[in-house]
Amino acid sequence: MKHWNLAGSTAVIALMSGSAAFADVTPEDVWQNWQDTATAYGQTITATSAERDGDTLVVSGVKIGANKDGVVVDGTIDEINLTDNGDGTVEITVSDSYPIKIHTPASEGAEAADLTINISQPGLVIQASGTVEATAYTFEGPSFGLKLEAINGVAAGAVDATVEATLTGVSGAYTVEGSGEDAKTLTSEFAAQSLALAIVGKDAEDGTDARVTATVADIAGTSGGTFLGAEAMADLTAALKAGFATEANITYGKVAFDVDVTEANGPTKIVGATEGGNFNVALDANRLLYGAGGKGVTLTMSAPDIPFPEVKLSYAEAAFNLLLPVAKTDAPADFAFLTKIVDLSISEEIWGMIDPTAIFPHDPATLVIDTTGQVKLTTDLMDEAAMAALGEAPPGEIHALNLNALQAKIAGAELTGNGALTFDNTDLTTFQGVPAPTGKVDLKLVGGNALLDKLVMMGLLTEDDANGARMMVSMFANSVAEDELTSTLEFKDKGFFANGMQLQ
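What you see is a predicted model, and the numbers here were worked out from it, not measured in a lab.

Trainee: Lay out the overall build of the chain with the relevant residues and their values.
Mentor: A tally of regular secondary structure across the chain gives 7 helices and 28 strands. Counting only C-alpha atoms and orienting by the principal axes, one finds that the chain spans roughly 90 × 60 × 45 Å. Here the chain holds 504 residues, and the buried ones make up 34% of them. Across the chain, every contact between residues at least 6 apart in sequence was considered, and the portion connecting residues at least 24 apart equals 57%. Treating the 25 positive side-chain charges of the chain as one cloud and the 69 negative ones as another, the clouds have centres 5 Å apart.

Trainee: Provide a residue-level description of the pairing of strand β13 (residues 208-227), including the pertinent values.
Mentor: Strand residues, when the strand is regular, have side chains that alternate between the two faces of the sheet. The sheet contact formed by strand β12 (residues 184-203) and β13 spans 19 bridges and is antiparallel. From the neighbouring strand, K202 faces β13, where its bridge partner is D209. With 8 bridges joining them, β13 and strand β15 (residues 255-263) adopt antiparallel strand pairing. Within the sheet, the bridge partner assigned to R211 lies in β15 and is D260. As paired elements, β13 and strand β14 (residues 245-252) share 7 bridges and run antiparallel to each other. Directly across from T222, in β14, lies its bridge partner N249.

Trainee: Which residues make up the nonpolar core, and what values go with them?
Mentor: Among the nonpolar cores identified, the biggest contains 47 residues, and V62, I80, L82, I92 and F244 are the most heavily contacted of them. Ranked by residues supplied to this core, first place goes to strand β4 (residues 71-84) with 5 residues. Residues in contact with V62, not counting those within four places in the same chain, are W31, I45, T46, A47, G75, T76, I77 and I80. Core analysis: the next-biggest nonpolar cluster, separate from the first, contains 8 residues, L421, A436, F496 and A498 among them.

Trainee: A description of the packing of aromatic side chains should follow, citing residues and the corresponding values.
Mentor: The full count for this structure, using the stated rule, is 9 aromatic pairs. Aromatic side chains F320 and F337 sit 5.8 Å apart centroid to centroid with 80° between the ring planes, which places their arrangement in the edge-to-face category. Highlighted residues: F320 in strand β19 (residues 311-325) and F337 in strand β20 (residues 333-346), separated in sequence by 17 residues. For F320, a relative accessible area of 30% puts it in the partly exposed group. Each member of the aromatic cluster is reached from another via a ring pair, and the members are Y137, F139, Y174 and F190. Here the basic side chain of K492 rests over the ring of F497, its NZ or CZ set 5.1 Å away from the ring centre.

Trainee: Give me a negative patch on the surface: which residues, what numbers.
Mentor: On the surface, D203, D206, E263 and D305 cluster together into a negatively charged patch. One can find D203 in strand β12. D203 gets classed as partly exposed once you look at its relative accessible area, which sits at 33%.

Trainee: Please provide a residue-by-residue account of the confidence of the model for the chain, values included.
Mentor: Fine structural detail should not be taken from predicted coordinates in areas where pLDDT scores are low. In the predicted model, the chain carries a mean pLDDT of 87, and the fraction of residues at 70 or more is 93%. Low pLDDT, under 50, characterises residues 1-24; the stretch is placed with 73 contacts to residues that sit more than four places away or in other chains.

Trainee: With reference to specific residues and values, describe the pattern of salt bridges.
Mentor: Pairing is possible between side chains of opposite charge, provided their charged atoms come close. One pass over the structure, following the stated rule, counts 11 salt bridges. In this structure, the salt-bridge partner of R211 is D209, at a minimum N-O distance of 3.7 Å. R211 gets classed as partly exposed once you look at its relative accessible area, which sits at 40%. K269 is paired through a salt bridge with D260; the nearest N and O atoms lie 3.1 Å apart.

Reading the values: rules and limits
- Residues numbered from 1 in each chain as written.
- Predicted model: local features only at pLDDT ≥ 70, side-chain atom pairs only at ≥ 80, totals over all residues.
- Heavy atoms only, no water.
- Helix = DSSP H or I, 4+ residues; strand = E, 2+ residues; numbered from the N terminus.
- Buried < 20%, exposed > 50% of the residue type's maximum accessible area, 1.4 Å probe, protein only.
- Contact = heavy atoms within 4.5 Å.
- Lys, Arg positive; Asp, Glu negative; His and termini not counted.
- Charge placed at Lys NZ, Arg CZ, Asp CG, Glu CD.
- Pairing = 2+ DSSP bridges.
- Core = buried A, V, L, I, M, F, W, Y, C linked by side-chain atoms within 4.5 Å.
- Phe/Tyr/Trp six-rings, centres within 6.5 Å; stacked < 30°, edge-to-face > 60°.
- Lys NZ or Arg CZ within 6 Å of the ring centre and 35° of its normal.
- Patch = residues over 30% accessible without salt bridge, like charges linked within 9 Å, V, L, I, M, F, W, Y side chains within 5 Å.
- Areas by Shrake-Rupley, 256 points an atom, 1.4 Å probe, with all protein chains shown as cover.
- Salt bridge = Lys/Arg side-chain N within 4 Å of Asp/Glu carboxyl O.
- pLDDT = per-residue confidence, 0-100.

Pasting the structure below:
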């Protein structure tokens, strides 16, 4: 499957950076375990020599390679030293720098490419301990860097291309369980004081010049999972059923980035910053989880196509979270969906285009939808053939939906709400194909009438349209204060009620 290309390449780089150098009580066991692990991932690892020099096993001329779906990765490490510390631990050091060559095949919209990337990790030291069955190790180094050295055999500098990333103050710890080519369980933690990224590219044919710089502070992460051999991973659905699982959580501090692109029609510049954020992902036989968030984000952009000097955008917080079951089960399983953006502000120049006479309040906007619930899948979501066979039919049944929070605030109006519903999947007739719900949702709208008045003033609604909307809302809502409406929507006894009045 194509989405495993990047994963395979990343595993090679991880091995070469030392983070996959699994440990035992002797240097020979460490080196053998490393080879076994590479083989388990469908990679090859060889050396021209591996000889003892006192307490140290010196492994020279190390070559690591992989070939997955036409993506070929080849790397060469001059020397790896594995030193017996005499106390059941092994110290591992790797050459300060080494190259990796990556070939990507031609695909739709992209030509084949050959890249050479240099990895540098001066002063990186790994302390390994444990046994073949359960290995623990820590690592620490002043920096870890990746730099593009060549494209299609031509030095990157000669074609005006720069891609360089550097981590500073790197440290971490890993525990690996499993021996030989068997499934391995991995738990890890990682930290870096900062990340610096620089990308520069020029196109001589059209005169395009692009420059990107970014810095990230205080990166920290944890990960874990159970990883199978290369053959088992060829079929993701089968791998999940066989025990494949992975989970990662990353946090970061302040971020700053600057993008400059010069084209024939003029320059584009984007400058942004954030106070910090997070990212988390998990996949196993029972669930798929994906989430991300950021706080204190600011963005400024100027471009030839923008009809004013610059656009500014900011928000206090944004978040997204998705939790889904992935396998069919006999019992309902949990799901969650969250989308949030708080205090979104745009520059007055944009407001001037939307609302030139300042009829609306230009207050920050907020949208929050926070839901959880339960569904029962009748089809494995990761089984592509089974999903295709469904056609337009749903892959499962919804059994419960909780509206934990609803907030929509813009232009002086605000809608809030919460509630909970359960669903009878044996009754698909009462509500015309929808499982019959039971439960209620409470809603409150503040400033709705004022918003309708302003839309009429701007000519976006006619007075008749606004009055029709007010009449419709009055059927479902109670007025509790000036321009404040509340409504309780309830499903019970196979009927639909609004504020106690049955509408169906």
